[in-house]
Amino acid sequence: MSLSGASERSVPATKIEITVSCRNLLDLDTFSKSDPMVVLYTQSRASQEWREFGRTEVIDNTLNPDFVRKFVLDYFFEEKQNLRFDVYNVDSKTNISKTKDFLGQAFLALGEVIGGQGSRVERPLTTVKIDVYDWDRDGSHDFIGEFTTSYRELSKAQNQFTVYEVLNPRKKCKKKKYVNSGTVTLLSFSVDSEFTFVDYIKGGTQLNFTVAIDFTASNGNPLQPTSLHYMSPYQLSAYAMALKAVGEIIQDYDSDKLFPAYGFGAKLPPEGRISHQFPLNNNDEDPNCAGIEGVLESYFQSLRTVQLYGPTYFAPVINQVARAAAKISDGSQYYVLLIITDGVISDMTQTKEAIVSASSLPMSIIIVGVGPAMFEAMEELDGDDVRVSSRGRYAERDIVQFVPFRDYVDRSGNQVLSMARLAKDVLAEIPEQLLSYMRTRDIQPRPPPPANSSPTPAPEQP
């Protein structure tokens, strides 16, 4: 594969235009030549994650494509900008994500293109190196040897057995009569597509957002400035900021912008019944609020009408959302529950049971802790280190993300900055949690719907 670059010096930020060509690609089509396409990925300096930057067009029936579509990147001399080029054979242009075969990949830095002779660089498609070990139970595995191959060679195993010599470089240097350390016979070979969060969203998967807010008395009187629910005319409360920060991001992935919103731990008028799951809009038949602004409006109205009480129960609202998620098994919808709370949970056993049960469903739970309390119980529910368990049963997936709001309060008082930081960390695990569910259920993304297709059916409401 060869690449050439040209800079555009007429703009303040240097732009580099990358043109891609390939030669002698593997032919995977039976009655014609491959139909290649190249996908460019750039690597984040902070997270080291690879993110798709763009794609070339698909060129039919050729092993030596010269792609017309170019990649235009910002160039920074002071940074190492790593690039990855994945080459595919595309069988269907209408459903690329499902009908592409991997042909190989090449890695290089953007600086290598700039510094190449004539701003041109060539790279072979990546060789695969395989290490062979003698397994030991205690983990001290013994190195036997290694061999290298390529995608081209591996693909031949689809039709015939391939035998590789396993070589130990150290033994090869020390022993003149050394031949090899054995052989490995490849009996079969297949390539599985690795789908991204974006693939599912493009395919129509909807994120259904539900809110649950803590109305227990430990939050303080909403009429007093010391309350975590205090409705100041000058700034949002911690509850409102957390709700707005997370909701304004998630609502972009929900087509109808209707969000079920609940409160828990309050006494409801007129008889003073304690509820651990009441609709903020006071409509038991339809708890949906129109947009995040509608949720905020219903939240403020509830603060004026209910009496903050207790205790703090999470399980009822988790089970409510789980019942809706249990009706969806085709990957068309994924549920995200945001719980905002101020303190110690009163139904830990029941909540663990609810989380373990929900971990097998298309569902994630975000818990934002507000106020000065110590949140050890919340940390226990966030299964990053130790998977949540209940009665000897472990959660199938990690579906809980907990963050204390105080860690994101900007010292200068900038609420917008505080909300942006909170949203970034709170939502960071949602894509991988969605992908983990789809992978365990072997659910592939649907092809993107045509622009004039009918809207997605309304989701099951919690």
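Please refer to the structure placed before this passage.
Because the structure is predicted, anything quoted here is derived from the model rather than measured. (Residues numbered from 1 in each chain as written. Predicted model: local features only at pLDDT ≥ 70, side-chain atom pairs only at ≥ 80, totals over all residues. Heavy atoms only, no water.)

### Digging into the overall build of the protein
Okay, step 1: Counting its secondary structure elements, the protein contains 11 helices and 24 strands.
Okay, step 2: For the C-alpha atoms alone, the extent of the protein along its principal axes is close to 90 × 60 × 45 Å.
Okay, step 3: Burial analysis of the protein (462 residues in total) assigns 47% to the buried set.
Okay, step 4: Carbon together with sulfur atoms contributes 50% to the accessible area of the protein, which is approximately 24,500 Å² in total.
Okay, step 5: Charged side chains of the protein number 47 positive and 59 negative; the gap between the two group centres comes to 6 Å. (Helix = DSSP H or I, 4+ residues; strand = E, 2+ residues; numbered from the N terminus. Buried < 20%, exposed > 50% of the residue type's maximum accessible area, 1.4 Å probe, protein only. Areas by Shrake-Rupley, 256 points an atom, 1.4 Å probe, with all protein chains shown as cover. Lys, Arg positive; Asp, Glu negative; His and termini not counted. Charge placed at Lys NZ, Arg CZ, Asp CG, Glu CD.)

### Some remarks on the pattern of salt bridges
Okay, step 1: Within the structure shown, the criterion is met by 15 salt bridges.
Okay, step 2: When the shortest N-O distance is used, the salt bridge between D86 and R84 registers 2.9 Å. With respect to class, D86 is no different from R84; both count as buried.
Okay, step 3: For R441, the salt bridge goes to E396, with nearest N and O atoms at 2.8 Å. Placement of R441 in the segment after α11 (430-440) and of E396 in the loop between β23 (393-394) and β24 (400-404) is noted, with a sequence separation of 45 residues between them. (Salt bridge = Lys/Arg side-chain N within 4 Å of Asp/Glu carboxyl O.)

### Focus on α11
Okay, step 1: What α11 keeps buried is the set I430, Q433, L434, L435, S436, Y437 and M438.
Okay, step 2: Close packing links the buried residues of α11 with α4 (197-202), β13 (206-214), β20 (333-341), β21 (363-369) and β24.
Okay, step 3: Looking at the residues trailing α11, positive phi occurs at D442, about 55 degrees. (Contact = heavy atoms within 4.5 Å.)

### Quick look at the sheet that holds strand β16 (residues 273-275)
Okay, step 1: Sheet architecture is open: three strands sit in the order β16-β15-β19, paired in antiparallel fashion. Where the open sheet ends on each side, the last strands, each with one partner, are β16 and β19 (307-308). (Pairing = 2+ DSSP bridges.)

### Quick look at the environment of F71
Okay, step 1: Residue position: F71 is located in strand β5 (residues 71-74).
Okay, step 2: On a C-alpha basis, the gap between F71 and Q81 in space is 14 Å, while along the polypeptide they are 10 residues apart.
Okay, step 3: Setting aside anything within four residues of it in sequence, one finds F71 in contact with I16, E17, I18, V20, V38, L40, F53, G54, R55, T56 and F85.

### Overview of a positive patch on the surface
Okay, step 1: A cluster of basic residues, R170, K171, K174 and K175, forms a positive patch at the surface.
Okay, step 2: By relative accessible area, K175 is classed as partly exposed at 48%. (Patch = residues over 30% accessible without salt bridge, like charges linked within 9 Å, V, L, I, M, F, W, Y side chains within 5 Å.)

### So, the packing of aromatic side chains
Okay, step 1: Taken as a whole and judged by the stated rule, the model has 12 aromatic pairs.
Okay, step 2: An angle of 75 degrees between the planes, with centres 5.6 Å apart, marks the rings of F209 and F259 as edge-to-face. In this pair, F209 sits in strand β13 while F259 sits in strand β14 (residues 258-264), placing the two residues 50 residues apart along the sequence.
Okay, step 3: Here a set of aromatic residues connected by ring pairs shows up, and it is made of F215, F278, Y299 and F300.
Okay, step 4: Across from the ring centre of Y41, 4.0 Å away, lies the NZ or CZ of R84, which sits over that ring.
Okay, step 5: For K267, the ring lying beneath its charged end belongs to Y309, and the centroid distance is 4.1 Å. (Phe/Tyr/Trp six-rings, centres within 6.5 Å; stacked < 30°, edge-to-face > 60°. Lys NZ or Arg CZ within 6 Å of the ring centre and 35° of its normal.)

### Here we look at helix α8 (residues 348-358)
Okay, step 1: Here α8 has its buried residues at M348, T351, K352, A354, I355, V356 and A358.
Okay, step 2: In this structure, the buried side of α8 is in contact with α7 (315-325), β21, α9 (376-381), β22 (389-390), β23 and β24.

### Observations concerning unusual backbone geometry
Okay, step 1: At the junction of P269 and P270, the peptide bond is cis and its omega measures out at 5 degrees in the coordinates.
Okay, step 2: Within the secondary structure, P270 sits in the loop between β15 (266-268) and β16.
Okay, step 3: Cis rather than trans, the peptide bond between G310 and P311 has omega equal to 0 degrees.
Okay, step 4: Following the sequence through the fold, P311 ends up in the loop between β19 and α7.
Okay, step 5: The phi dihedral of N61 falls on the positive side, at around 55 degrees, and the residue is not glycine.
Okay, step 6: By the element assignment, N61 lies in the loop between β4 (50-55) and β5.
Okay, step 7: For N61, a relative accessible area of 43% gives the class partly exposed.
Okay, step 8: Phi is positive for N282, which is not a glycine, with a value near 65 degrees.
Okay, step 9: Relative to the helices and strands, N282 is located in the loop between β17 (278-279) and β18 (288-290).
Okay, step 10: Residue class for N282 comes out exposed when judged on its relative accessible area of 71%.

### Examining the environment of E353
Okay, step 1: Note that E353 resides in helix α8.
Okay, step 2: Taking the C-alpha atoms as reference, E353 lies 20 Å from T210; in sequence the two are 143 residues apart.
Okay, step 3: If we skip the residues at most four places from it in the chain, E353 touches S390, R391 and R393.
Okay, step 4: For E353, the side chain forms a polar contact with the side chain of S390, separated by 2.5 Å. (Polar contact = N/O pair within 3.5 Å; in protein donor to acceptor, adjacent residues only side chain to side chain.)

### Comments concerning the nonpolar core
Okay, step 1: Among the nonpolar cores identified, the biggest contains 53 residues, and F209, F215, I366 and V368 are the most heavily contacted of them.
Okay, step 2: In terms of residue count, the dominant contributor to this core is helix α5 (residues 238-250) (nine residues).
Okay, step 3: Apart from the residues within four sequence positions on either side, F209 is in contact with V246, G247, I250, D254, F259, P260, I292, V336 and L338.
Okay, step 4: In terms of nonpolar packing, the next biggest core, distinct from the first, is built from 33 residues, I339, A354, V356 and V388 among them. (Core = buried A, V, L, I, M, F, W, Y, C linked by side-chain atoms within 4.5 Å.)

### Regarding a negative patch on the surface
Okay, step 1: Judged by side-chain charge, E376, E379, D384 and D385 come together as a negatively charged surface patch.
Okay, step 2: The residue E379 is located in helix α9 in this model.
Okay, step 3: Judged by its relative accessible area of 45%, E379 falls in the partly exposed class.

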